[in-house]
Amino acid sequence: MSTTPAIFVENVYKDFWVHARTDATILSRIADAFPSGGKRLHSRKIEAVRNVSFALDRGKVLGIIGKNAAGKSTLLRLIANIYEPDAGTVIVDGTITSLISLSVGLRPTLSIIDNIYLACSLFGMPRSHIKKVYPQILEFAGITDACMYPYQLSTGMNQRLSFSIAVHTKPEILLLDEIFSAGDIAFQSKAQQRMEELIKGDTTVVMVSHSIERIRELSDVVLWLEAGSVKMIGEPKEVIHAYIVSMQRELIAK
Amino acid sequence: MKINADTTLLWEITKSNFKLQNESSALGIIWYLLGPLLLFGIMLFVFSHRLGSDVDKYPLYLLMGIITWNFFSTGAGRCMTTITGNASLIKSIPIRIEILIIAAIFHALITHSIEIFLFLALLLLSGIIPILIPLYLIVLVISFIFTIGVGFALSATFVIFRDVQQIWSVITRAWWFATPIFYVPTTTGLGSKLSLFNPLYYSIHLSRELLIYNRIPPLYLFVIFFGMSLISLLLGYYIFRKLQPNFVALI
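Calculation criteria
Positions within a chain are numbered from 1, following the residues in the order the chain's sequence is written. Chain labels run from A onward and ligand labels from 1 onward, assigned in the order the entries are written. Selection of residues for local features in this predicted model requires a pLDDT of at least 70, selection of side-chain atom pairs for listing and counting requires 80 or more, and totals for whole chains, interfaces and linings are taken over all residues. Excluding hydrogens and water, the side-chain values take into account all heavy atoms of the structure. Numbering goes from the N terminus for both helices and strands, where a helix is a DSSP run of H or I of at least four residues and a strand is a run of E of at least two. Burial classification: accessible surface area is computed with a 1.4 Å probe over protein chains only, and a residue below 20% of its type maximum counts as buried, one above 50% as exposed, and the rest as partly exposed. Here, two residues are considered to be in contact whenever any of their heavy atoms come within 4.5 Å of each other. Once two parts are joined, some of their accessible surface, as seen by a 1.4 Å probe, is lost; buried area is that loss totalled over both. Basic side-chain nitrogens of Lys or Arg form a salt bridge, by our definition, when they fall within 4 Å of a carboxyl oxygen of Asp or Glu. N or O atoms closer than or at 3.5 Å make up a polar contact, with two conditions inside protein: a donor-capable atom paired with an acceptor-capable one, and, for residues adjacent in sequence, both atoms drawn from side chains. Gly is put with the polar residues, along with every residue not named as nonpolar or charged; the nonpolar set is Ala, Val, Leu, Ile, Met, Phe, Trp, Tyr, Cys and Pro, and the charged set is Asp, Glu, Lys and Arg. The rule for pairing is simple: two strands pair if DSSP sees at least two bridges between them. Interaxial angles span 0 to 180 degrees and are taken between N-to-C directions of axes, which are lines fitted to C-alpha atoms, for helices over the stretch in contact.

K.L.:
Please explain the overall build of chain A as it appears in this structure.
P.N.:
A tally of regular secondary structure across chain A gives eight helices and nine strands. For chain A, buried positions account for 49% of its 254 residues. When contacts within chain A are restricted to residue pairs at least 6 apart in sequence, long-range pairs at least 24 apart make up 73% of them.

Structure, rendered in structure tokens:
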């Protein structure tokens, strides 16, 4: 087994420019290029991720916590290679399955079976493999009729289907963003069980969640992000305790 | 494994695009034939006794021009909105956007293949046996390469400037009239010189010569068309790669 970490992140920075204009015409781009009154009034810089570093060993689970707009999803997308960092290094050793949005890849007017083939191929699975796993995907999601269409299913059922597809892709690295709200309590417990199986099977997991309980139960390491920077990283118990205390202090101060 | 996964992805995206397009219209696949046929009917009615009176087998000449142009304009047009149309996908999955672009052209190729089959049937009905089909397939591959290059450039620039769509519609209108689709190119004057720089002229001219007139065109025409397509691919992909870092933030 390789001794190098599955995910290595060093001094990573990522900024975004939010344009005041929502249009993207040539004229507006030209206007954007010329500062108005000496200042760039047209756009605002968001420092989404600031100097973040960590290394995660194979088979470990990293839980990322933090308030809204702390940079959690941006960090996940940097690891997934969806965003390129402005500075710093992100090295990922293994195939990634990212479940950043639960509805991604599902087309409402394509049959479920076509959707499974499409979504699995988006996660990098060859056709021969998809053929083998699609009955398992349906069974896990609790869907009996593969000829139905996603628009005929409830939102919860669609989320179950997406989760089921992602966990059956045999990922080496699984990135999850707020997926624990998918489905009912019975499905959530099934999902957690499947997650535990994956973790035992040497899958490296990075998950973002506001559900502190889930993070505590599943994580080996917890990273607390605040305003894009690492506030604390370490043992789940310690980091979560510090986070809750900080949240409580903030509430009292208000 | 990687190539296998990429080809699966290419196939699945092309298939789903094709299915989705047909599901949203009442006549579905019939539109693929009806659209060009209606245009063909109108143009034949208007031009057959004017511009086409001196042209041998003018209806076939016109139809070949229309369907060859359609492949290019449909393919490039679909590419333009591919990145913005798949924004949520691109923001959530580390997907190779190139595959989405190529799938858009393959989608256009399916439509084109249906049109070509219909065209071949018309040729046979007219007593022409298209024996030079293998050479035509070479022209089709070169057209595919040319369209991919334009598609890469359009898809990437459209992310940055949305009015590329309006500019492109003006360019394609001018390009349509500059291409000998419903008329015969002149052998002298400005028009003939313009045609030499028009890749669509080569595509349409070579297709007509091979399928309708069963004549083997000079090799240099193939070479020029291939050279233009290669430049289109390299330049288009260069523009795409140059602009790619901005995509996720702008869609």
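K.L.:
Explanation requested: the interface of chain B and chain A in the structure shown.
P.N.:
It is common to give the size of an interface as the accessible area lost on bringing the parts into contact. Facing 32 residues of chain B, the contacting portion of chain A comprises 31 residues. Between chain B and chain A the total buried area reaches about 2600 Å² when both faces are included, carbon and sulfur atoms providing 63% of it. Of all residues in chain B, the largest losses of buried area upon contact with chain A belong to Ser92(B), Ile93(B) and Pro94(B), amounting jointly to 19% of the total for that side. On the surface where chain B and chain A come into contact, there are three salt bridges. Two residues, Arg127(A) and Glu12(B), come together in a salt bridge whose shortest N-O distance is 2.5 Å. Inspection of the region where chain B meets chain A yields six residue pairs in polar contact (both at pLDDT 80 or more). Elements represented by at least two residues in the side of chain B that touches chain A include exactly helix H1 (2–23), helix H5 (87–92), helix H7 (133–160) and helix H12 (247–250) of chain B. The leading source of residues in the side of chain B that touches chain A is H1(B), at 13 residues. The residue makeup of the side of chain B that touches chain A, split by class, is 18 nonpolar, seven polar and seven charged.

K.L.:
What should I look at first to understand helix H2 (residues 72–79) of chain A in this one?
P.N.:
Owing to its 3.6 residues per turn, the α-helix aligns residues three or four sequence positions apart on the same side. Residue and element names in this part refer to chain A. For H2, a buried count of seven out of eight residues is recorded, marking the element as mostly surrounded by other parts of the structure. Residues of H2 that are buried: Lys72, Thr74, Leu75, Leu76, Arg77, Leu78 and Ile79. Of the residues flanking the end of H2, it is Asn81, one or two places downstream, whose phi is positive at about 70°.

K.L.:
It is not clear to me how the sheet that holds strand S5 (residues 96–99) of chain A should be interpreted in this structure. Could you clarify?
P.N.:
Remark on secondary structure: sheet strands pair via backbone hydrogen bonds, oriented parallel or antiparallel. Residues and elements named next belong to chain A. Taken in spatial order, the six strands line up as S5-S6-S7-S3-S8-S9 in an open sheet, and their pairing is mixed. Of all the strands in the sheet, just S5 and strand S9 (229–234) have a single pairing partner and so form its edges. Mean inter-strand twist for the sheet, computed between neighbouring axes without regard to direction, equals 15°. Pairing analysis gives four bridges linking S5 to strand S6 (residues 173–177), with the strands arranged parallel. Each bridged residue has a counterpart across the sheet, and for Leu99 the counterpart in S6 is Leu176. The strands that H2 touches are strand S3 (61–65), S5, S6, strand S7 (204–208) and strand S8 (221–226); relative to S6, the one it contacts most, it runs at about 155°.

Honestly, it's all geometry; don't read function into it.
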